[in-house]
Amino acid sequence: MLENNSCNHRNRDHFGRLINYLRLSITDRCNLRCCYCMPAEGVIPCSHTDILSYEDLIKIAEAAVDLGIEKVRITGGEPLVRKGMIPFLSRLGGISSLSEMTLTTNGMLLAENALALKRTGLNRLNISLDSLETDTYARITRGGDLKQVLRGIEVAEKLGFPVKLNMVVMRGINDHEINKFAELSMERPWSIRFIEYMPTIRDKAWQSRMVPGDEIISRLAMRYELKPLANSRLCGPAKLYHIFNAKGSIGIITPLSEHFCHKCNRIRVTSQGMAKSCLLSDWALDLKPALGLRKTPVSSATLKVNYGIVGDAHAGNWHRQVSLLGIESIKKMQQLGLNVDYGDFAENLTTQGIDLTAIPVGAQLTIGQARLEITQIGKTCHTRCEIYHQAGDCVMPREGIFAKVLVGGEIKSGDPITVAPLKEARTL
């Protein structure tokens with residue numbers, strides 16, 4: 001939880017870390033399918049109704065700046081695919097006390113948008129570029145056009161944008177290009193970042209792909225004279241170096257081999273309004289209630305294997321489960337004075353006429369086209385949600401059951417739940 005220090009207007013969390021950097025996602029959609037970011041088949045995009053409006057994103061940014069955030073980085077997905085983002089950036093750049101506004105992009109749409117981006121007051125660009133070889137780049141991105149990206153970088157540099165390139169280093173795929181990327185900092189005043197491969201999609205072979213930061217530095221030191229550099233206050237966690245006689249700099253980001261949690265200075269907000277303190281954390285805080293937004297009951301939904309409910313802000317977070325909660329539990333929370341209804345819980349299906357806690361772990365149940373397997377009966381409340389803070393209690397974890405999706409498909413309000421040997425009940 002962040003605290004506002006009125007003396008110096010800086011955020012410090014309970015670990016004493018200065019939090020001055022917000023990564024704000026404006027879309028979950030992307031025009032590439034990078035192998036370390038998503039599976040080959042892609043992911044089901046969130047409904048447009050689940051993505052925060054630009055107005056709500058501005059509210060979040062304004063509140064963050066009021067609390068002491070000084071730097072905002074706009075991310076995605078790929079932010080340039082969302083319509084209307086140029087006027088949004090202009091509004092964002094107009095927030096007083098915001099020191100720096102940056103954008104992360106894969107560069108595919110940069111050439112045609114660079115001038116408009118410059119006019120918004122954007123300070124700098126982070127460009128994801130994992131290979132300087134046409135075939136390797138196309139293989140990593142599953143279809144990206146390297147020439148198009150390089151053209152975008154050229155246009156951006158001519159317009160005066162400071163350029164930072166991010167390379168995810170993968171053994172056996174692009175690690176032979178480490179020196180080629182370092183050479184770019186010799187020739188141009190660019191910042192080159194080498195990032196350790198992370199298991200963001202739970203790739204079983206991720207460890208064989210990961211090149212530790214120390215190894216990257218050792219390889220570079222065999223060829224170049226490296227001088228450590230100090231980070232600026234608004235920089236991220238990279239260890240910075242300067243190559244003798246280079247015009248730019250290089251940096252190493254080591255989320256796995258050398259954790260930098262103790263000096264992390266950032267917070268993330270997803271395009272669905274979920275605040276996260278860590279990219280690899282499974283916990284998030286829903287900001288939508290604070291924006292005056294509430295989840296609403298829907299008459300149908302789609303369940304996906306190893307994903308959860310399509311459109312749920314939590315879904316797809318690795319192997320997200322679905323929870324079932326009886327209408328009686330909803331009524332208990334209403335009696336506590338909470339203004340909650342069906343649909344007010346991210347991954348919840350509300351049921352009626354069935355004793356959920358009597359269903360044994362391992363039992364399978366069918367709802368509509370989907371089939372689920374019960375994995376857990378109740379759990380301990382983590383006490384960190386808005387409901388708990390309002391009422392001092394939340395019955396959902398204790399009285400709900402949790403299931404993984406075995407067979408995906410559509411479910412509808414009124415579908416019977418079939419659980420042998422229990423009698424049929426109906427979803428609301």
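Refer to the structure presented above.
The following paragraphs examine the structure supplied in this document. (Residues numbered from 1 in each chain as written. Predicted model: local features only at pLDDT ≥ 70, side-chain atom pairs only at ≥ 80, totals over all residues. Heavy atoms only, no water.)

Some remarks on the pairing of strand 21 (residues 401–407)
Which entries qualify depends on this criterion: By definition, two strands form a pair when at least two bridges between them are found by DSSP. Helix numbers and strand numbers start at the N terminus; a helix is a DSSP run of H or I with at least 4 residues, a strand a run of E with at least 2.
Pairing between strand 17 (residues 322–326) and strand 21: three bridges, direction antiparallel. Its bridge partner being in strand 21, V322 is matched across the sheet by A403. Here strand 20 (residues 370–377) runs beside strand 21; their pairing, made up of six bridges, is antiparallel. When the sheet's bridge partners are listed, I377 is paired in strand 21 with I401.

Section: unusual backbone geometry
The test is simple: The cut-offs for exposure are 20% and 50% of the maximum accessible area for each residue type, with area from a 1.4 Å probe on protein chains only; residues under the lower value are buried, those over the upper are exposed, and the others partly exposed.
The linkage connecting G76 with the following residue, G77, adopts the cis geometry, with an omega of 10°. With respect to the helices and strands, G77 occurs in the loop between strand 4 (71–75) and helix 2 (85–93). Even without glycine at this site, S97 takes up a positive phi of about 75°. Classification of S97 by relative accessible area gives exposed; the value is 60%. Not every positive phi belongs to a glycine, and N245 is a case in point at roughly 70°. Its location among the elements puts N245 in the loop between strand 10 (239–243) and strand 11 (249–253). Assessed through its relative accessible area of 57%, N245 is described here as exposed.

Considering the packing of helix 1 (residues 54–67) against helix 2
The cut-off we apply is this: Only the stretch in contact is used when fitting a helix axis, every axis being a line fitted to C-alpha atoms; angles between N-to-C directions are given from 0 to 180 degrees. For classification, angles of less than 35 degrees are called roughly parallel, those exceeding 145 degrees roughly antiparallel, those between 65 and 115 degrees roughly perpendicular, and all remaining angles oblique. Handedness of a crossing is defined here by the sense of rotation of the near helix relative to the far one, left-handed for an anticlockwise turn of less than a right angle and right-handed for a clockwise turn. By the convention used here, residues are in contact when the closest approach between their heavy atoms is within 4.5 Å. Three categories are distinguished: nonpolar for Ala, Val, Leu, Ile, Met, Phe, Trp, Tyr, Cys and Pro, charged for Asp, Glu, Lys and Arg, and polar for the others, with Gly belonging to the last.
The contact between helix 1 and helix 2 brings their axes to 11 Å, and the two run at 25°. Taken together, the axes of helix 1 and helix 2 lie roughly parallel to each other. At the point where helix 1 passes helix 2, the crossing takes the right-handed sense. For the pair helix 1 and helix 2, the contacting residues are Y54, E55, L57, I58 and A61 in the first and M85, F88, R91 and L92 in the second. The residue inventory of the contact of helix 1 with helix 2, partitioned by class, reads seven nonpolar, no polar and two charged.

Digging into helix 8 (residues 213–221)
Stated formally: What the arc covers is the set of directions going from the helix axis to the C-beta atoms.
Burial in helix 8 covers these residues: G213, I216, I217 and L220. Looking straight down helix 8, one finds its buried side chains confined to an arc of 95°; they lie on one side. Those residues of helix 8 hidden inside the fold are in contact with strand 7 (163–169), helix 6 (178–187), strand 8 (191–196), strand 9 (226–229), strand 10 and strand 11.

Some details on the packing of aromatic side chains
Keep this limit in mind: For Phe, Tyr and Trp, where Trp contributes only its six-membered ring, two rings pair if their centres lie within 6.5 Å, and the inter-plane angle classes them as stacked under 30 degrees, edge-to-face over 60, or tilted in between. Lysine and arginine charges are scored as sitting over a ring when NZ or CZ, respectively, is within 6 Å of the ring centre and within 35 degrees of the ring normal.
Tallying each qualifying case throughout the model produces one aromatic pair. Note on Y54 and F88: the rings are 4.9 Å apart at their centroids and 25° apart in plane angle, and the pair reads as stacked. With Y54 in helix 1 and F88 in helix 2, this residue pair connects regions lying 34 residues apart in the sequence. Judged on exposure class, the residue Y54 and its partner F88 are both buried. R82 extends its terminal NZ or CZ atom over the ring of Y54, reaching a point 3.9 Å from the ring centre. If you follow K118 out to its NZ or CZ, it ends over the ring of F161, 4.8 Å from the centre.

Digging into the sheet that holds strand 13 (residues 274–276)
In sheet architecture, strand pairing relies on hydrogen bonds along the backbone and comes in two forms, parallel and antiparallel. Taking strand neighbours across the sheet as the criterion, the twelve strands line up as 9-10-11-8-7-6-5-4-3-12-13-14 in an open arrangement whose pairing is mixed. Each edge of the open sheet carries a strand with a single partner, namely strand 9 and strand 14 (285–286). Of the strands in this sheet, strand 7, strand 8, strand 9, strand 10 and strand 11 touch helix 8, which is tilted by about 155° from strand 11.

Quick look at the sheet that holds strand 15 (residues 300–304)
One open sheet accounts for three strands, arranged 16-15-22; its pairing is antiparallel. The strands lining the two open edges of the sheet, one partner per strand, are strand 16 (308–309) and strand 22 (409–412). As judged from the four bridges shared by strand 15 and strand 22, these two strands associate in the antiparallel manner. Along strand 22, the bridge assignment pairs A301 with I411.

Considering the nonpolar core
How we decide: In this text, buried Ala, Val, Leu, Ile, Met, Phe, Trp, Tyr and Cys residues form a nonpolar core when linked through side-chain atoms within 4.5 Å.
Ranked by internal contacts, the top residues of the largest apolar core, which has 79 residues, are L24, F88, L92, L117 and F194. No other element matches the seven residues that helix 1 contributes to this core. When sequence neighbours within four positions are dropped, the list of residues in contact with L24 reads L57, I60, A61, V72, R73, I74, T75, F88 and V269. If you look at the next biggest cluster of nonpolar residues, it comprises 21 residues, including A301, L324, L349 and A403.

A look at helix 3 (residues 110–119)
Among all positions of helix 3, only L110, N113, A114 and L117 are buried. The arc that holds every buried residue of helix 3, seen down its axis, measures 130°, which confines them to one face. Opposite the packed face of helix 3, turned more than 90 degrees from it, sit the exposed residues E112 and R119. On its buried side, helix 3 packs onto helix 2, strand 5 (100–105), strand 6 (124–128) and helix 5 (146–158). Count one or two residues on from helix 3 and you reach G121, which has phi positive near 95°.

Concerning the side chain of S191
Mapped onto the elements of the fold, S191 is located in strand 8. Contacts of S191, omitting those with residues within four sequence positions, involve V163, K164, L165 and S249.

Observations regarding the pattern of salt bridges
Selection rule: In what follows, salt bridge is the name for a side-chain nitrogen of Lys or Arg lying within 4 Å of a carboxyl oxygen of Asp or Glu.
Evaluation of the coordinates by the stated rule reveals 17 salt bridges. A salt bridge links K332 to E399; the nearest nitrogen and oxygen atoms lie 2.7 Å apart. With K332 in helix 9 (residues 327–335) and E399 in helix 11 (residues 396–399), this pair connects stretches of sequence that are 67 residues apart. Taking relative accessible area as the criterion, K332 reaches 39% and is therefore assigned partly exposed. Residue E399 is classed as partly exposed on the basis of its relative accessible area, which comes to 22%. Salt bridges sharing common partners tie together R171, D175, E215 and R219.

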